[in-house]
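Fold and geometry: a report
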Amino acid sequence: MAALVACAPVKEPERKEKTVLRLWHYWDREESRQCLAKLVQKFNDTHQDVEIQINYIADEDFKKRLVLAAADGEQPDLAIVDSSDIQYYDKVGILKDLSSEIKAENYLSRALISCRTKDGRLVGLPLGLNCLIFYYNKDLLKQAGVGVPTTLEEFVTAAEAVTSDQVSGCAFPALQSEESSFCFLPIFWNYGGSLAQIDSPAGRQAFGFLKQLAENRALSEDNVNMTISDIAWEFANGNIAMAFMTSSYENEIRKENPDLHFATTKLPCGENSITISGGEVLTVTCAEHEKEAREFVRFMEQPEQTELYLDSVGYLAARRDLLKKQIQTDPAKKAYWSYLKQAKLREIEPYWPSLSMEIAESINRVILGEDTQDELEQLSERISRIRRAKYEKE
């Protein structure tokens, strides 16, 4: 009997099957994607029963894909979304309340305002902040005999002067996505515009600014198919002289071309230059694995994880403690913060994505020379219709 007991096989403990979560994002920059992959791998390595898988969705398709997936019950567990889209996603019922996972007192109110719903719930973790700034190639401007523009009128003159068969004077993202509106709004605001009155002298000046650049070949028609990342790559390789891009691209450009002589400054919109700020937000979008998804939010909320991606992604920190550290140790970050804290936000409304796409479509038509004489009148009516629909539903 003892021999039989001694020879009995040892029963191995059953291995628990891993819970697999999907995380969707639209980051197209390689450095940002690699950083996200490292953070997810770090989480996976410390959570034996959970595995997060990353899926990239192109920015111009992201909103539609996420909403359609949710309608079919196939949405991801987690999603990194644009801060301007939070109210829209909450309105369609995708986002989970993360108030218990986020220590609001640790974050800037500017970072939280887009993440907070009308009834006060926090439905996203702000990953960081950025703003639109002016990039220019010092050598190309010098060769063309023009100074660094400080007004939009000077910008047009400089762009036309530096344009050649090899170099575009400037670039502007005109792909029909949020990036187009993001880059256009500061131009419009600096002419004194308001979206409540886009069919106005300010609206005509802002769209006329783009039209003049396009008609004089200082702004290429190729822009209608370019993202900001595409523009950054072309700028880094000396094919574009000037561009409006977010502050997060500076390190990437220097890494792509260490020999490029370029600089950044406030948008060339006069003494009281107005910029726009934005950022990305981590959200929980599915109830099936909500417990595990919340655990990843808590992981990403930790300062040590935040610091890992701030430099790679090029953000200013949304956390008060880490922002203080950034501006104390990095003069460039201090300058960005000085500019960003005066920046304007996009409308924090569920209808914003629809309104933004209407603006982007008009931008596209203007650059291609396909706009009509009543382009702004028609755009104004479409914007009013979107707003009326929102208030009629309420």
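One structure accompanies this document, and this report is about it. Chains are numbered independently. Their residues run from 1 in the order of the written sequence. Reporting of local features is limited, given that this is a predicted model, to residues whose pLDDT is at least 70; pairs of side-chain atoms are given and counted only at 80 or more, and all residues count toward the totals for whole chains, interfaces and linings. Only heavy atoms go into the side-chain values, all of them from the structure, while hydrogens and water stay out.

**Overview of the overall build of the protein**
Quick note on the threshold: Comment: elements are numbered from the N terminus, with helices defined as DSSP H or I runs of at least four residues and strands as E runs of at least two. Throughout, the radius of gyration refers to the C-alpha atoms, and the reference size of a globule is 2.2 Å times the residue count to the power 0.38. Buried residues are those whose accessible area, probed at 1.4 Å on protein chains only, stays under 20% of the maximum for their type, while exposed residues exceed 50% and partly exposed ones sit between those limits. Each accessible area value is a Shrake-Rupley result obtained with a 1.4 Å probe; residue values ignore everything except the protein chains displayed when judging cover. The sign given to each residue is positive for Lys and Arg and negative for Asp and Glu; His and the chain ends receive no count. Working definition for charges: the position is that of NZ of Lys, CZ of Arg, CG of Asp or CD of Glu.
A tally of helices and strands in the protein yields 17 helices and ten strands. Taking 2.2 N^0.38 as the reference for a compact globule, 394 residues should give roughly 21 Å; the C-alpha atoms of the protein span a radius of gyration of 24 Å, in line with that estimate. Expressed as lengths along the three principal axes of its C-alpha atoms, the size of the protein is roughly 100 × 55 × 40 Å. Across the 394 residues in the protein, those meeting the buried criterion constitute 54%. Just so you have it, the protein exposes about 18,500 Å², and 47% of that area is on carbon and sulfur atoms. Side chains of the protein carry 46 positive and 63 negative charges; the gap between the two charge centres is 6 Å.

**As for the packing of helix α2 (residues 30–45) against helix α13 (residues 303–313)**
What counts here: A fitted line through C-alpha atoms serves as each axis, taken over the contacting stretch for helices, and the angle formed by two N-to-C directions is quoted from 0 to 180°. An angle below 35 degrees is read as roughly parallel, one above 145 as roughly antiparallel, one from 65 to 115 as roughly perpendicular, and any other as oblique. Left-handed describes a crossing whose near helix is turned anticlockwise from the far helix by less than a right angle; the clockwise case is right-handed. It only takes one pair of heavy atoms within 4.5 Å for two residues to be counted as in contact. Residue polarity is assigned by list, with Asp, Glu, Lys and Arg as charged and Ala, Val, Leu, Ile, Met, Phe, Trp, Tyr, Cys and Pro as nonpolar; anything else, Gly included, falls into the polar class.
For the pair α2 and α13, interaxial distance at closest approach is 9 Å and the crossing angle is 165 degrees. It follows from the interaxial angle that α2 and α13 lie roughly antiparallel. Remark: the crossing between α2 and α13 carries right-handed chirality. Where α2 approaches α13, its residues E31, S32, C35, L39 and K42 are matched on the opposing element by Q305, L308, Y309, S312 and V313. Grouping the amino acids of the contact of α2 with α13 by side-chain chemistry returns five nonpolar, three polar and two charged.

**Quick notes on empty space enclosed by the protein**
The cut-off we apply is this: Space inside and on the surface of the protein is sampled on a 1 Å grid over the protein atoms alone, with a cavity defined as a set of points where a 1.4 Å probe fits but cannot get out and a pocket as an open set with protein on both sides within 12 Å along at least 5 of 7 lines; lining residues have an atom within 4 Å of a point. Grid points are joined across faces, edges and corners, and a volume is the space filled by probe spheres set on the points.
Counted by the stated rule, this structure contains five cavities of 30 Å³ or more. Estimates place the volume of the largest cavity at around 370 Å³. Along its surface, the largest cavity is lined by 24 residues, and Y26, N130, E179, Y249 and E280 are the ones closest to its centre. Those elements that provide at least two residues to the lining of the largest cavity are α3 (59–71), α8 (178–190) and α10 (228–236). Top element by residues in the lining of the largest cavity is α8. It accounts for three residues.

**Here we look at α13**
Among the residues of α13, those classed as buried are Q305, T306, Y309, L310, S312 and V313. Just beyond α13, the residue with positive phi is G314, at close to 85 degrees.

**Observations regarding the sheet that holds strand β1 (residues 19–25)**
What counts, and what does not: One bridge is not enough; two strands pair if DSSP finds at least two bridges between them.
Pairing in this open sheet of five strands is mixed, and the strands run β2-β1-β3-β10-β4 from one edge to the other. The open sheet is flanked by β2 (50–56) and β4 (125–126), the only strands paired with a single partner. Where β1 and strand β3 (residues 78–82) come together, two bridges link them in parallel fashion. Among the inter-strand pairings, L23 is bridged to a residue of β3, identified as L78.

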